[in-house]
Amino acid sequence: MLHLGYMVLASLGLTLVPSALGATLLASHYNGQLYSLSLTTSGTTGKLAITSQATGCGTTPGWLELYPDSKTLYCFDESWNGSGYIAQYTVGSDGKLAMTAQAKTTGNSVHGLLYGGSDGKSFVATVEYSPSTLTTYKLPLSSSSKPLSLEKFTLSQKGPNSRQDVAHPHEANLDPTGKFIVTPDLGADLVRIFKIDASSGKLTACTAGKASAGDGPRHVVWWKSPAGVQRAYTVNELGNSVSSWDVSYPSDGGCLTLTRSQTISTYAPGKKGGSTTKAAEIRVVDNFLYASNRADQTFGSNQDSIAVYTIDPTTGAIAWKEAANSYSYYPRTFQFNKDGTLVAIGGQTSANVAIVARDPATGKLGSLVANLQIGSKGRAGEEDGLSAVVWVE
């Protein structure tokens, strides 16, 4: 299932793709279905196929979190109808999902992950977009599971964007040490930080990192240089930008601090997004940073872009490199495979998974290797269509 060999694409110079190999992916759709996918490649082309489907993650599964070591998947229901679910699955050797646990939530969970305990996987943290909350649960999950804690966020004043009327936490992210949960808040223009008590799962609020007014930070990733320089990068949905943050860890067991040092557009210098464009996801691979743009149609009708940046290997500073075709409309989600030769891109409104070649040496995204529509297409700007895609590796 891992990529063992490569072929050079004549049309792309150094761009590499796997040859005659297979892989498994998982995808979720706002129709309530989870899909297991098989990818087979031969030479420069490939084929995606649905191998099985599963339910159990409520009506609106919005986020998938996979733990490869145990082949365990957690799915978080984004339902905005007052309640939702967290569902736990085992992933079979053929990619088939079997639900092993389910817990009811307050709903509108847009992200979640495991944290704390001796193994780093004893508790669950979720963030709820419209309720403006960060909620935790203790594992194992069951029908009788109740929240361990609930943190309600408020605003002292509204932000400059009309969507910043209340706090809108958008991700529960674990820092590289596993000692802090970091939550970008789109509504408050903050990157909230919480110190973890590993034994109890208790979270203690630290001083938040401050984004620029109207940025609307959505997701965060982490990077570290060989010399130990550490950076965090956020994708800012409302500002159509990415930011670099200085990372400082305490020597006395205190709080992690994040200080914004740089913000640049998700569009080339001299260009900008339109009134409906929204940056969505961010990923880092080695010394390259990637961010997806929704509804810009840079590459033609229903063909949005992924912004590509270089990361200075010494300082962590980012610089614009180019825009790449996402081969999708509203690319809400994307993830690179383990060896960095392919990226799976999930188009929300186009409801497709596009597999695109990547050159690890240059960071360039290249040709379309495989493509598959999954479920019904969505409507631009609405909560329907494809929601997430992950590799099983």
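What counts, and where the lines are drawn
- Residues numbered from 1 in each chain as written.
- Predicted model: local features only at pLDDT ≥ 70, side-chain atom pairs only at ≥ 80, totals over all residues.
- Heavy atoms only, no water.
- UniProt positions renumbered as here; feature names shortened; annotations may be inferred.
- Helix = DSSP H or I, 4+ residues; strand = E, 2+ residues; numbered from the N terminus.
- Buried < 20%, exposed > 50% of the residue type's maximum accessible area, 1.4 Å probe, protein only.
- Core = buried A, V, L, I, M, F, W, Y, C linked by side-chain atoms within 4.5 Å.
- Contact = heavy atoms within 4.5 Å.
- Pairing = 2+ DSSP bridges.
- Axes fitted to C-alpha atoms, helices over the stretch in contact; angles between N-to-C directions.

As annotated in an unreviewed UniProt entry, the chain carries the name Lactonase, 7-bladed beta-propeller-domain-containing protein and is attributed to Cercophora scortea. Per UniProt, the comment on the chain under Sequence similarities (unreviewed entry) is "Belongs to the cycloisomerase 2 family."

1. What about unusual backbone geometry?
Between L139 and the following residue, P140, the backbone shows a cis peptide bond with an omega angle of 0 degrees. Inspection of the secondary structure puts P140 in the loop between β12 (133–138) and β13 (149–152). Phi at K71 takes a positive value of approximately 50 degrees, unusual for a residue other than glycine. Within the secondary structure, K71 sits in the loop between β6 (61–67) and β7 (72–77). On the accessibility criterion, K71 (29% relative accessible area) is partly exposed. With a phi close to 50 degrees, A351 is a non-glycine residue in the positive phi region. Here A351 is to be found in the loop between β28 (342–347) and β29 (352–358).

2. Some points on the nonpolar core
As a rule of thumb, soluble globular proteins bury nonpolar side chains together. Formed by 29 residues in total, the largest nonpolar core has its most connected members in Y74, V124 and L141. Looking at this core, the elements with two or more residues in it are β6, β7, β9 (97–105), β10 (109–115), β11 (123–128), β12 and β16 (190–196). Among residues more than four places away in sequence, those in contact with V124 are F76, I86, L113, L114, Y115, T135, T136, Y137, L139 and L141. If you look at the next biggest cluster of nonpolar residues, it comprises 19 residues, including A23, L342, V353 and A370.

3. Details of the sheet that holds strand β27 (residues 331–336)
Strand order in the open sheet made by the four strands is β27-β28-β29-β30, with antiparallel pairing throughout. Because the sheet does not close on itself, it has two edges, and the strands there are β27 and β30 (365–373). Put simply, the sheet's adjacent strands are angled 20 degrees from each other on average, direction ignored. Pairing between β29 and β30: six bridges, direction antiparallel. Its bridge partner lying in β30, I355 is registered against A370.

4. Notes on the side chain of E78
One can find E78 in the loop between β7 and β8 (84–91). E78 gets classed as buried once you look at its relative accessible area, which sits at 6%. Leaving out residues up to four positions away in the same chain, E78 has contacts with Y30, T60, G62, N108, S109, V110, R332 and E383.

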